[in-house]
Protein chains: 2
Amino acid sequence: MTDHISKTYDQELDGLRRLVAEMGGLGERMLADATTALMREDAKRAQSVIATDPRLDDLQRKIEDNAVLMLMRRQPVANDLREVMASIRIANDLERIGDLAKNIAKRSLKMQGHMLSGSAMGGIEALSRLAQAQLKDVLDAYAQSNEKGAIDVWTRDGQIDALENALFRELLTYMMEDPRNITFCTHLLFCAKNIERLGDHTTNIAETVHYLVTGKSLPSDRPKGDSPSDVNS
Amino acid sequence: MTDHISKTYDQELDGLRRLVAEMGGLGERMLADATTALMREDAKRAQSVIATDPRLDDLQRKIEDNAVLMLMRRQPVANDLREVMASIRIANDLERIGDLAKNIAKRSLKMQGHMLSGSAMGGIEALSRLAQAQLKDVLDAYAQSNEKGAIDVWTRDGQIDALENALFRELLTYMMEDPRNITFCTHLLFCAKNIERLGDHTTNIAETVHYLVTGKSLPSDRPKGDSPSDVNS
């Protein structure tokens, strides 16, 4: 990507990118597995998601340590400085994404044996698939330094918010219909909220990738999950 | 705090500390005001909390920019490196704390005119007061480089989790008793969860302060809000 005299410098930048990509892969798998654990009441899979989280934390720390060393030793400017800073920021968002996936996995363990039939579970699954697609696309945009890909992800975040909001309303009606649904639906409300927040972090990554590639920030009125809707924010 | 030949270096470190303290003060006020807005149905105050949030974001960006410049220009080691890194980490947590306070303020705007009487509102207020005290104490520990103060805050986080868990159970019973409470109680559930997460970020700051002062990390099994309790995680 750049034309450095020092080969080590390029290797260090590549190393940072590889660590971020590794975190991204882990985050994607944690979200997919947490969702499967929830849908199929698969406790073993939930446990494996929970067990993966410390690896994500270690990777984040490693990226931060390496980035700080690079800042001090290389005093990067322009593209290279953005590259180092982007790795710190994206690692931070991926660590939070892993946390949110872990929360869903933990919650799934408490929800065993109380499955709601029908559209509520389907709604959660659809929401998660949307979030998974967004996360995959933003990681691809990062790997390919693809400005347009980053903008696409950033623009589509509103879809997650809209779907989550519809799901929220649906869950509230189940709760009102039958008090026995309340505890289970409360868990689902929090799962849906975790997925929406995960989408916000994906959008953050899209902003970082856009800045990394273009050197410019996206507008501040991003299509974020701050909609002034009725029941949910 | 250190013995530098360059006076400017000390001034730069002091400048970072001052910016972090300014963020801390704003974060404290946002939480206090968001809680008052919720308790008194004070829409104007809620709006002012929401309007304050961008200032916190700007301060965080400024701290990060200054810290990166210092890393590159000064190549700090030991205490000074910890000081610079601590400012980045604490600013990150304070930005999230501001976000969570803003979420409570936004939610309070949707809850006008539906006040629950009695202990649920009192429970939220008590939870918030506990979180406010923790935040104040950790900012004091940072300002005074007080290791013991940081450990105290870190140890007490379990109190917030216990109170939030009790409140959760109480809110679920209100929802089961009367479906007309469900929407309002759902908002309160999310407010309580926001305060609990705010407490987690306060605990993160306590860990950072401890590391800053001692150079050592606190044990990883911190008293965190990851309790395997029944309804809540």
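Attention here is on the structure that accompanies the text. Within each chain, residue numbers correspond to sequence positions counted from 1 in written order. The lettering of chains begins at A and the numbering of ligands begins at 1, in the order of writing. The predicted origin of the model limits local features to residues at a pLDDT of at least 70 and limits the giving and counting of side-chain atom pairs to 80 or more, whereas totals for whole chains, interfaces and linings rest on all residues. Side-chain measures were taken over the full set of non-hydrogen atoms in the model, leaving aside hydrogen atoms and water.

### Observations concerning the overall build of chain A
Scanning chain A from terminus to terminus reveals six helices and zero strands. Numbering of helices and strands runs from the N terminus, with a helix taken as a DSSP run of H or I at least four residues long and a strand as a DSSP run of E at least two residues long. Taken from the N to the C terminus, the helices and strands of chain A come in the order α-α-α-α-α-α. Note that the radius of gyration is over C-alpha atoms, with the globule rule given as 2.2 Å times the number of residues to the power 0.38. Over its C-alpha trace chain A gives a radius of gyration of 19 Å, about what one expects of a compact globule, namely 17 Å for 233 residues. With the C-alpha coordinates aligned to their principal axes, the bounding extent of chain A is approximately 70 × 35 × 20 Å.

### Regarding unusual backbone geometry
Even without a glycine there, the phi angle at Ser145(A) is positive, about 45°. Relative accessible area decides the class of each residue, using a 1.4 Å probe on protein chains only: under 20% of the type maximum gives buried, over 50% gives exposed, and in between gives partly exposed. Classification of Ser145(A) as partly exposed rests on a relative accessible area of 29%.

### Description of the packing of aromatic side chains
Any two rings among Phe, Tyr and Trp, with Trp reduced to its six-membered ring, count as a pair given centres within 6.5 Å; such a pair is stacked if its planes are under 30 degrees apart, edge-to-face if over 60, and tilted if neither. For the structure shown, the criterion picks out three aromatic pairs over all chains. On the basis of an interplanar angle of 40° and a centroid distance of 5.5 Å, the ring pair of Phe168(A) and Phe190(B) is categorised as tilted. Placement of Phe168(A) in helix α5 (residues 147–177) and of Phe190(B) in helix α6 (residues 182–214) is noted, with the two residues assigned to different chains. Ring geometry for Phe190(A) versus Phe190(B): centroids 4.6 Å apart, planes at 25°, classification stacked. Of this pair, Phe190(A) sits in helix α6 (residues 182–214) while Phe190(B) sits in helix α6, placing the two residues on different chains. Like Phe190(A), the residue Phe190(B) is buried in the burial classification. Within the aromatic cluster, the residues linked to one another by ring pairs are Phe168(A), Phe190(A), Phe168(B) and Phe190(B). Lying over the aromatic face of Phe190(B), Lys193(A) brings its terminal NZ or CZ to 5.6 Å of the ring centre. Positioned above the aromatic ring of Tyr142(B), the side-chain terminus of Arg17(B) is 4.5 Å from the ring centre. Lysine NZ or arginine CZ positioned within 6 Å of the ring centre and within 35 degrees of the ring normal marks a charge as sitting over the ring.

### Considerations on the nonpolar core
We call a set of buried Ala, Val, Leu, Ile, Met, Phe, Trp, Tyr and Cys residues a nonpolar core when their side-chain atoms join them within 4.5 Å. Counting residues in hydrophobic clusters, the biggest one holds 140 residues, and the most contacted among them are Leu94(A), Leu188(A), Leu94(B) and Leu188(B). Throughout, a residue-residue contact means that at least one pair of heavy atoms, one from each residue, lies within 4.5 Å. Ignoring sequence-local partners within four residues, the contact set of Leu94(B) consists of Val20(B), Met23(B), Gly24(B), Leu56(B), Leu135(B), Leu139(B) and Ile205(B).

### Considering the relation of the copies chain A and chain B
Structural alignment of chain A on chain B gives an RMSD of 0.0 Å, achieved by rotating through 180° and translating 0.0 Å along the axis. In the structure described here, the two chain copies are related by an operation that fits a two-fold rotation axis. Of every C-alpha in chain A, the one belonging to Met72(A) sits nearest the axis of rotation, 2.4 Å from it. Both copies share a contact surface, since 100% of the interface residues of chain A are interface residues in chain B too. Copies are brought into register by a least-squares superposition over C-alpha atoms of residues with pLDDT of at least 70 in both.

### Here's the deal with the pattern of salt bridges
Any carboxyl oxygen of Asp or Glu that lies within 4 Å of a side-chain nitrogen of Lys or Arg is treated as forming a salt bridge with it. This structure, assessed with the given rule, holds 28 salt bridges over all chains. Here Lys136(A) makes a salt bridge to Asp140(A), at a shortest N to O gap of 2.8 Å. Of this pair, Lys136(A) and Asp140(A) both sit in helix α4 (residues 119–143), four residues apart, roughly one helical turn. Residue Lys136(A) is classed as partly exposed on the basis of its relative accessible area of 41%. On the basis of relative accessibility, which here comes to 28%, the residue Asp140(A) falls in the partly exposed class. Asp178(B) serves as the salt-bridge partner of Arg180(B), at 2.8 Å between the closest nitrogen and oxygen. When its relative accessible area of 72% is taken as the criterion, Arg180(B) is described as exposed.

### Notes on helix α1 (residues 7–40) of chain B
In this model α1(B) runs 49 Å from its N-terminal to its C-terminal C-alpha over 34 residues, within 8% of the 50 Å that 1.5 Å per residue would give. Directly beyond the C-terminal end of α1(B), a positive phi value near 50° is found at Glu41(B). A helix is expected to span 1.5 Å multiplied by its residue count minus one.

### Some words on the interface of chain A and chain B
The partner chain B presents 38 residues to the 38 residues of chain A that form the contact. Buried area is a sum: the accessible area each of two parts loses on coming together, probed at 1.4 Å, counted once for each and added. Taken together, both faces of the contact between chain A and chain B bury some 3300 Å²; the carbon and sulfur share is 56%. The partner of Glu64(B) in a salt bridge is Arg89(A), with the nearest N and O atoms 2.5 Å apart. Counted as a polar contact is a pair of N or O atoms within 3.5 Å, where, for protein atoms, one must be capable of donating a hydrogen and the other of accepting one, and residues adjacent in sequence contribute only when both atoms are in side chains. Taken together, chain A and chain B are joined by two residue pairs in polar contact (both at pLDDT 80 or more).

### A word on the packing of helix α1 (residues 7–40) of chain A against helix α2 (residues 43–74) of chain A
All names here are of chain A. Note on geometry: axes are C-alpha line fits, over the in-contact stretch for helices, and angles between N-to-C directions span 0 to 180 degrees. At a closest axis distance of 9 Å, the pairing of α1 and α2 adopts a crossing angle of 160°. The angle between α1 and α2 places the two elements in the roughly antiparallel class. Two packed elements cross with a definite hand, and for α1 against α2 that hand is left-handed. Tallied by class, the residues present in the contact of α1 with α2 amount to 17 nonpolar, six polar and eleven charged. Roughly parallel means an angle under 35 degrees; roughly antiparallel means over 145; roughly perpendicular covers 65 to 115; every other angle is labelled oblique. The handedness criterion is simple: a crossing whose near helix is rotated anticlockwise from the far helix by less than a right angle is left-handed, and one whose near helix is rotated clockwise is right-handed. Note on residue categories: nonpolar means Ala, Val, Leu, Ile, Met, Phe, Trp, Tyr, Cys or Pro, charged means Asp, Glu, Lys or Arg, and polar means any other residue, Gly included.

### Structural notes on the side chain of Asp33(B)
Along the chain, Asp33(B) turns up in helix α1. If we ignore the near neighbours within four places in the chain, the residues touching Asp33(B) are Arg45(B) and Val49(B).

### Quick word on the packing of helix α3 (residues 78–110) of chain A against α4(A)
Residues and elements named next belong to chain A. It is at 13 Å that the axes of α3 and α4 come closest, and there the two elements cross at 165°. Between α3 and α4, the interaxial angle falls into the category roughly antiparallel. Considering the relative orientation of α3 and α4, their crossing is left-handed. Contact residues: Glu83, Ile90, Leu94 and Ile97 in α3; Leu135, Leu139 and Tyr142 in α4. In terms of residue class, the contact of α3 with α4 is built from six nonpolar, no polar and one charged.

### What to know about α2(A)
Residue and element names in this part refer to chain A. Look at α2: 47 Å from first C-alpha to last across 32 residues, which is about the 46 Å you get at 1.5 Å a residue. In this structure aspartate 42 caps α2, since a side-chain oxygen of it lies 3.3 Å from the backbone nitrogen of lysine 44. Of the residues one or two after α2, glutamine 75 is the one with positive phi, at around 45°.

### Examining the state of the cysteines
Residues and elements named next belong to chain A. When the sulfur atoms of two cysteines come within 2.5 Å, that pair is taken as a disulfide. Applying the stated criterion to the full structure yields zero disulfides over all chains. Summary of cysteine pairing: cysteine 191 is not part of a disulfide, and the nearest cysteine sulfur, belonging to cysteine 185, is at 11 Å. Overall, the relative accessible area of 0% leaves cysteine 191 in the buried class.

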